[in-house]
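Fold and geometry: a report
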Amino acid sequence: MSASKALLFSAACGLAVANIYYAQPLLDAIASEFGVAPAAVGLVVTVTQICYALGLLLLVPLGDLLNRRRLIVVQMLLSAGALLIVGTASSAPVLLAGMAAVGLLAVVTQVLVAYASTLASSAERGRVVGVVQSGIVIGILLARTFAGTLTDLAGWRSVYLASALLMFVTGAALYRILPDVFHKKTELSYPQLLRSVFALFIEERLLRIRAVLAFLIFTVFSTLWTALVLPLSAPPLSLSHTAVGAFGLAGAAGALAAARAGRLADRGLGQRTTGWALVLLLASWGFIGFTPHSPAAAVIGVILLDFAVQAVHVTNQSLIFTVRPEARSRLTAGYMIFYSLGSATGALASTNLYAIGGWNGVCLFGAAVSGLALLFWAVTRGRNPE
């Protein structure tokens, strides 16, 4: 695969996954326009993440049944339509419906990853998948920077309208550039394929353990990023959306620094990497707690938290892909469902906790879940091979 084609895959993945994270730095603006209480506005993120989990289960397996090139292009174009609905929503129910469709269709990211690995030769597969995965990480974290800056310039709706245009253009580019490669389709029917995802959880202990860790770390991740806009935009800081979104740059730096975790797992150091990352995850809340008084402390905490979450996430994927090479799509779907459910849980809990206990309540919850993840890893370590 050429470098330019790999970068196109990476950009497409980044744009697609960013759609489910744009709302996080915009919750205050959305709540204000639609008259939604701050405690309830986290539902916007929760609905998106729950539908993303449904898409992982219902749509990603279609890549083993249908023509992947056509499936990718159709999902990209439908995503553009869903984003257009969000950008022009006239009421909260229409907004939530649009966000649900955005979350459901954002799983095109996982279909793109599988298609990229199919197009790449065995000698370059690791490099290609690494480039594509880097696009996902950058898309997740820079979505906040993009959304915050554009909101200050043209309002929050412009974020979704601009993304709709980008998704349409990218979908058209993929249609013109992607080869229509034949791949051997599974002999399972669609219902059997869905059932096999659940069967993998019953049969593979490592998948169960790593999926639980994914749920916990992404509960923590979403707890921070959903609620962070609230203390940063409130007095005494009163930061602009651009400044709030800039925290995504710090998060991106931390997450990209954790890219080496996969190599450590390949060397048999997956357990050790997981343990140290979870210690850093817990420690990050000591800095994040000072956010209302010190943006510098918040930046340090964000870097540590995103480094820790990404290190565990990369390690998790590196380990579970060794379990059933012939079922990697289904392993990915099953694992990522827990990722999405954790993100939804953190989004819903954080805004409610902020309304009840302020930033201290959010930080106590984040630290408690981080501690639970560390405890779970320690208890299951002997049954969780490298």
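These remarks concern the structure in this document. These figures come from a predicted structure and were not determined experimentally.

Packed helix pairs are characterised by how far apart their axes lie and by the angle those axes make with each other. The interhelical angle for the contact between helix α4 (residues 68–87) and helix α6 (residues 108–119), taken along N-to-C directions, is 150°, at an axis separation of 10 Å. The pairing of α4 with α6 is recorded here as roughly antiparallel in orientation. In terms of crossing hand, the pair formed by α4 and α6 is left-handed. Two secondary-structure elements touch here, α4 through R68, R69, L71, I72, Q75 and M76 and α6 through V108, V111, L112, A114, Y115 and T118. Residue composition of the contact of α4 with α6, grouped by class: eight nonpolar, two polar and two charged.

Compared with an ideal rise of 1.5 Å per residue, which puts 14 residues at 20 Å, helix α9 (residues 190–203) spans 20 Å between its outermost C-alpha atoms and is within 8% of the ideal. The largest bend in α9 amounts to roughly 25° and is located at V197. Residues L193, L194, S196, V197, L200 and F201 constitute the buried set of α9.

The next thing to look at is the packing of helix α3 (residues 43–58) against helix α5 (residues 92–105). Following both chains from N to C, one finds α3 and α5 inclined at 35°, their axes separated by 7 Å at the closest point. Judged by the twist between their axes, the crossing of α3 over α5 is right-handed. Contacts from L43, V44, V47, T48, C51, Y52, L54 and G55 of α3 reach α5 at L95, L96, M99, A100, G103 and L104. For the contact of α3 with α5, the residue count by class is 11 nonpolar, three polar and no charged.

Within the secondary structure, F198 is located in helix α9. A C-alpha to C-alpha distance of 7.5 Å links F198 and G334, two positions 136 residues apart in sequence.

Glancing now at the nonpolar core. Core analysis: the biggest nonpolar cluster contains 119 residues, and I72, L95, W156, Y160, F221, L224 and L305 have the highest contact counts within it. Among the elements that line this core, the one with the most residues is helix α16 (residues 328–380), at 13 residues. Residues contacting W156, with those up to four places away along its chain left out, are L26, A29, I30, E33, F34, V86, L95 and T151.

Inspection of the entire model under this criterion finds 10 aromatic pairs. Taken together, a centroid distance of 5.6 Å and an interplanar angle of 40° make the contact between Y22 and F146 tilted. Of this pair, Y22 sits in the loop between α1 (3–18) and α2 (27–34) while F146 sits in helix α7 (residues 125–154); the two residues are 124 residues apart in sequence, bridging distant segments of the chain. On the basis of relative accessible area, Y22 is assigned to the buried category, the value being 3%. Here the aromatic cluster, defined as three or more aromatic residues joined through ring pairs, consists of Y22, F34, F146, W156 and Y160. R69 extends its terminal NZ or CZ atom over the ring of Y175, reaching a point 4.7 Å from the ring centre. The ring of W225 has R144 sitting right over it, with the charged end atom 4.2 Å from the ring centre.

This part is about the side chain of T46. Here T46 is to be found in helix α3. One polar contact links the side chain of T46 to the main-chain carbonyl oxygen of A344, over a distance of 3.3 Å. Residue contacts for T46: discarding those within four places in its chain leaves A344, A347 and L348.

Here we come to the environment of T151. Along the polypeptide, T151 turns up in helix α7. Overall, T151 belongs to the buried group, its relative accessible area being 9%. Through-space distance from the C-alpha of T151 to that of P25 is 9.5 Å; in sequence the pair is 126 residues apart.

Residues I50, L54, L58 and L104 make up a contiguous nonpolar surface patch of roughly 290 Å² in combined accessible area. Examining the composition of the nonpolar patch, we find that three residues originate from one element, α3, more than from any other. For L58, the position within the fold is in helix α3.

The rules behind the values
Here, residues in each chain are numbered from 1, in the same order as that chain's written sequence. Reporting of local features is limited, given that this is a predicted model, to residues whose pLDDT is at least 70; pairs of side-chain atoms are given and counted only at 80 or more, and all residues count toward the totals for whole chains, interfaces and linings. Excluded from the side-chain calculations are hydrogens and water; all other atoms, namely the structure's heavy atoms, are used. Fitting a line to C-alpha atoms yields each axis, with helices limited to the stretch in contact; the angle taken between N-to-C directions then spans 0 to 180 degrees. Strands are runs of DSSP state E lasting at least 2 residues, helices are runs of H or I lasting at least 4, and numbering of each runs from the N terminus. Orientation categories follow fixed angle ranges, with anything under 35 degrees roughly parallel, anything over 145 roughly antiparallel, 65 to 115 roughly perpendicular, and all other angles oblique. A crossing counts as left-handed when the near helix is turned anticlockwise from the far one by less than a right angle, and as right-handed when that turn is clockwise. In this description, contact between two residues means that some pair of their heavy atoms is separated by no more than 4.5 Å. When residues are sorted by character, Ala, Val, Leu, Ile, Met, Phe, Trp, Tyr, Cys and Pro go into the nonpolar class, Asp, Glu, Lys and Arg into the charged class, and all the rest, Gly among them, into the polar class. To estimate the expected span of a helix, subtract one from its residue number and multiply by 1.5 Å. One fitted axis covers the seven residues ending at a residue, a second covers the seven starting there, and the bend at that residue is the angle between these axes. Only protein chains enter the area calculation, which uses a 1.4 Å probe; residues under 20% of their type maximum are buried, those over 50% are exposed, and those in between are partly exposed. Only buried residues count toward a nonpolar core. Its members are Ala, Val, Leu, Ile, Met, Phe, Trp, Tyr and Cys residues joined through side-chain atoms within 4.5 Å. Only Phe, Tyr and Trp rings take part, Trp by its six-membered ring, and two of them pair if their centres are within 6.5 Å. Stacked means planes under 30 degrees apart, edge-to-face means over 60, and tilted covers everything else. Whether a charge sits over a ring comes down to the Lys NZ or Arg CZ being within 6 Å of the ring centre and within 35 degrees of the ring normal. For this analysis, a polar contact is any N or O atom pair within 3.5 Å, provided that within protein one partner can donate a hydrogen and the other can accept it, and provided that sequence-adjacent residues contribute only side-chain to side-chain pairs. To count toward a patch, a residue needs a relative accessible area above 30% and no salt bridge. Like charges then connect within 9 Å, nonpolar side chains (Val, Leu, Ile, Met, Phe, Trp, Tyr) within 5 Å. In these tables, accessible area is a Shrake-Rupley quantity obtained with a 1.4 Å probe, and a residue counts as shielded only by the protein chains included in the view. Just to be clear on terms, a salt bridge is a Lys or Arg side-chain nitrogen sitting within 4 Å of an Asp or Glu carboxyl oxygen.

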